[in-house]
Amino acid sequence: MTPVWGKEYTSKSGSHCDLTGPNRARNDIQTLADMGVKLVRLYDWEPRNNHLNFLDYCNSFNIKVLVSVSNYFVKPDEGLNGRDEQIPKLINSFSNREKTDYHSAVTGIVIGNEPRISGFSAQNCIDFTTSWANIEASQYPNYRELMIGHPVDFATYGGRFPCFGFWDPLFDALNKVTAKNLNKRLFLAPQTYNDRIYLFENAEGSGKGYVDIAYEKYQKPILFTEIGHDRTKPNYQQVADGQLAGSIEYGAKNPNILLGICFFQFADKVWIPGTSDGSHGTRTQGDDIMCTINFDNGDFTHWDKDCKNVPLTVNTLIPNPLNDVVLKYYKKG
């Protein structure tokens, strides 16, 4: 995917893109840096492919990365039962070139995404995360103790407030895991589209904001792994503006409680254009093609099928009104 996020690429077939030629790389990391972004949250990660160039490039812009343990690894009918084999592969793929520590661009690990929707449970996360800490302690004792979160959609899961019904069993178990200080490394990772009043002032008539309520209950810092609003809603700019203003104001006063936010998202999901779920981006997918790269098998360290002459077309991205809202706050630093 280097033609999407980077400044140049030459495939094993000889096709090439850069910043000046007729085939232009899109250089999304540069665009993110220009927006004022300091943290990128990823959703999927294939440990059998090499991602060092991506992590190095993020480092060159002082952009930190929340690396992802994809849903596959925590699902009981997919990768969970092989976690003792899969976790070292993931850790190695998050590591620096020397395999002496996590890569310096990596600032945290997020495990899974939206369990209610994706088909895994709190117990699956408990089993996987406990194994992660035990493997770190035994096989990677000198690695940094990165913070770990489990992104949860803003449903109640049977609790009083969103995410609480999932967090209750998760932290009841993981707070007891002291291997590699796991119990001290956990953070709350809610995903919300609620407005500023709900998040920071008055959640469900309680007289307190959701962030304060969650911190008081779990005594763990919070990082919103998704926050934003979709452009199909009539008040989307107002809601997003309030979310960002409230987050920055609260975080400045309470840096030990609110670690940060990941605005959802940089660009619309290309596979579901025009839908609510595909309309959260600060940029809309454009029709103009910037470059086409023809891959060959040597371009990948892992590929499920023969990829000779498989093309990647990189299209333009068009800033939309959500981009203006994000720039208003991100460019302030």
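The structure displayed is predicted, hence computed values, not measured ones.

Scoring rules and cut-offs
- Residues numbered from 1 in each chain as written.
- Predicted model: local features only at pLDDT ≥ 70, side-chain atom pairs only at ≥ 80, totals over all residues.
- Heavy atoms only, no water.
- Buried < 20%, exposed > 50% of the residue type's maximum accessible area, 1.4 Å probe, protein only.
- Helix = DSSP H or I, 4+ residues; strand = E, 2+ residues; numbered from the N terminus.
- Pairing = 2+ DSSP bridges.
- Polar contact = N/O pair within 3.5 Å; in protein donor to acceptor, adjacent residues only side chain to side chain.
- Axes fitted to C-alpha atoms, helices over the stretch in contact; angles between N-to-C directions.
- Left-handed = near helix turned anticlockwise from the far one by under 90°.
- Contact = heavy atoms within 4.5 Å.
- Nonpolar A, V, L, I, M, F, W, Y, C, P; charged D, E, K, R; others polar.

Asks: Looking at this structure, how should I read the pairing of strand S10 (residues 222-227)?
Replies: Successive side chains on a regular strand alternate, one facing one side of the sheet and the next facing the other. In terms of burial, S10 is largely enclosed, as six of its six residues are buried. Note: strand S9 (residues 190-192) against S10, two bridges, orientation parallel. Across the sheet, residue glutamine 191 finds its bridge partner in S10, namely glutamate 226. Strand direction decides the pairing type here: S10 and strand S11 (residues 258-263), joined by four bridges, are parallel. Looking at the pairing, isoleucine 227 lines up with phenylalanine 263 of S11.

Asks: Explain the side chain of aspartate 101 here, please?
Replies: Along the chain, the position of aspartate 101 falls in the loop between helix H4 (83-93) and strand S5 (106-111). Owing to a relative accessible area of 16%, aspartate 101 belongs among the buried residues under this scheme. Separated by 2.9 Å, the side chain of aspartate 101 and the backbone nitrogen of arginine 144 make a polar contact.

Asks: I would appreciate a short explanation of the packing of H4 against helix H6 (residues 122-139) in the present structure.
Replies: Helices that pack against each other are described as a pair by the angle of their axes relative to one another and the distance between those axes. The geometry of H4 relative to H6 is characterised by a closest axis approach of 10 Å and an angle of 65° between their N-to-C directions. Considering only the axes of H4 and H6, their crossing is right-handed. From H4, Arg83, Asp84, Ile87, Pro88, Leu90 and Ile91 reach across to H6, where they touch Asp127, Phe128, Ser131, Trp132, Ile135, Glu136 and Gln139. For the contact of H4 with H6, a count of residues per class yields seven nonpolar, two polar and four charged.

Asks: Would you explain the sheet that holds strand S4 (residues 64-69) in this entry?
Replies: Sheet strands associate in pairs through backbone hydrogen bonding, adopting either a parallel or an antiparallel arrangement. Ordered by their spatial adjacency, five strands build an open sheet running S3-S4-S5-S6-S8, and the pairing between neighbours is parallel. Strands at the two margins of the open sheet, each flanked by one partner only, are strand S3 (39-41) and strand S8 (186-187). Bridge count between S4 and S5: five bridges; the pairing is parallel. The residue bridging leucine 66 from the neighbouring strand is glycine 108, located in S5. Its contacts with the sheet put H6 on S4, S5 and strand S6 (147-149), and the angle it makes with S5 is roughly 145°.

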